[in-house]
Amino acid sequence: SDSYLNEYFESCIENQPGFRNWVDKVRIACFGSEPDSLLMWSHYGDGLRGFSIVFDETVLLEQEGKGFVVDVDYVIEPPICDAFVWAVADGLVEYNETELAELSGKHCSVSSEGMSESEIRSELDRSLLVQQKILRALFATKPIEWQYERERRFLFQANIDGTEPLLASFPEQAIQAVLIGERMPSDYQHRLEAVLSQKYRHAQIQTVKRSLTEYRLVVD
């Protein structure tokens, strides 16, 4: 009925999130996804004089619990994030999760609305996808000129007020490998390898070199 629809849309309006507060609460760690990127090693690796750390995403996510990892979107025009769309999707997520819980508790195969478990899960996945797209637009979108970075972001919900930086620890096993640029000074490399042998013996050590025949890098 019209009254039901009016009540529904009014509730969606009331439940619209404050995206500005979300932005202030989230902390972002930025990573590259291509260990042999010539431009990234030039810009951030001091022209192969530095080093790069390879992290295990699964270990990082298990440690922090509240974070997630997403690839950055590179676009020509700034994205639009619709708080009303989020509220509608959020209501559908809550509804379908409740339906699944009731089916599990009653050991039924069909919900009160006549939907099967697979249909409910499909609806839930669609609603979650809508939310994921909004989150990506909010926290993982950059101008297309930065596309060469192939950036991957670890997003973490802070439990503090304000926008100050947040230092988060990670377990030693989160480090999979360390890539050392071929032009790193020998004394610096010896110091780095000493630290790795003491604390991160499990981490693989590799060298990033310039190809002798092409303008590209090789991870050895």
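Report on the accompanying structure. (Residues numbered from 1 in each chain as written. Predicted model: local features only at pLDDT ≥ 70, side-chain atom pairs only at ≥ 80, totals over all residues. Heavy atoms only, no water.)

### A look at the overall build of the chain
Within the chain, the regular secondary structure consists of 7 helices and 9 strands. Since a compact globule built from 220 residues should have a radius of gyration of about 17 Å, the 23 Å found for the chain marks it as more spread out than a globular shape. Dimensions along the principal axes, computed over C-alpha positions, put the chain at roughly 75 × 40 × 40 Å. Within the chain, the fraction of its 220 residues that count as buried is 28%. The long-range fraction of contacts in the chain, counting pairs at least 24 apart against all pairs at least 6 apart in sequence, stands at 80%. When the accessible surface of the chain is totalled, it reaches about 14700 Å², and 51% of it is carbon and sulfur. (Helix = DSSP H or I, 4+ residues; strand = E, 2+ residues; numbered from the N terminus. Rg over C-alpha atoms; globule rule 2.2 N^0.38 Å. Buried < 20%, exposed > 50% of the residue type's maximum accessible area, 1.4 Å probe, protein only. Contact = heavy atoms within 4.5 Å. Areas by Shrake-Rupley, 256 points an atom, 1.4 Å probe, with all protein chains shown as cover.)

### A look at a nonpolar patch on the surface
A contiguous nonpolar patch, built from F51, I53 and Y188 and spanning about 240 Å² of accessible area, is present on the exposed surface. Mapping I53 onto the fold places it in strand β2 (residues 51–55). (Patch = residues over 30% accessible without salt bridge, like charges linked within 9 Å, V, L, I, M, F, W, Y side chains within 5 Å. Salt bridge = Lys/Arg side-chain N within 4 Å of Asp/Glu carboxyl O.)

### Brief notes about the sheet that holds strand β6 (residues 151–157)
Strand order in the open sheet formed by 3 strands is β1-β6-β3, and the pairing between neighbours is antiparallel. In this open sheet, the two edge strands, each paired with only one partner strand, are β1 (26–32) and β3 (68–71). Mean inter-strand twist for the sheet, computed between neighbouring axes without regard to direction, equals 25 degrees. Docked against the sheet, helix α6 (residues 117–139) engages β1, β3 and β6, running at close to 75 degrees with respect to β3. (Pairing = 2+ DSSP bridges. Axes fitted to C-alpha atoms, helices over the stretch in contact; angles between N-to-C directions.)

### Quick word on the packing of aromatic side chains
Within the structure shown, the criterion is met by 3 aromatic pairs. Seen in terms of ring centroids, F31 and F55 are 5.6 Å apart; in terms of plane orientation they differ by 70 degrees. Their pairing is edge-to-face. Placement of the pair is F31 in strand β1 and F55 in strand β2, with a sequence separation of 24 residues. In this structure F31 comes out as partly exposed when scored by relative accessible area, which is 28%. By way of ring pairs, the aromatic residues F31, F55 and F170 are connected into one cluster. For K142, the ring lying beneath its charged end belongs to W146, and the centroid distance is 4.9 Å. (Phe/Tyr/Trp six-rings, centres within 6.5 Å; stacked < 30°, edge-to-face > 60°. Lys NZ or Arg CZ within 6 Å of the ring centre and 35° of its normal.)

### Observations regarding the nonpolar core
Soluble, globular proteins show a tendency: their nonpolar side chains are buried together. Membership of the largest hydrophobic core is limited to 12 residues, which are F19, V26, V70, V72, Y74, A83, W86, I134, L135, F139, A140 and L155. Broken down by secondary-structure element, the contributors of at least two residues to this core are α5 (83–106) and α6. Examining the composition of this core, we find that 3 residues originate from one element, α6, more than from any other. Not counting the four nearest positions on each side in its chain, F19 is found in contact with C81, D82, A83, W86, I134 and L138. Judged by nonpolar contacts, the second largest core, of 8 residues, contains I180, M184, Y200 and A203. (Core = buried A, V, L, I, M, F, W, Y, C linked by side-chain atoms within 4.5 Å.)

### Concerning the environment of Q147
Inspection of the secondary structure assignment puts Q147 in the loop between β5 (141–143) and β6. For Q147 and Y74, which are 73 residues apart along the polypeptide, the C-alpha to C-alpha distance reads 5.8 Å.

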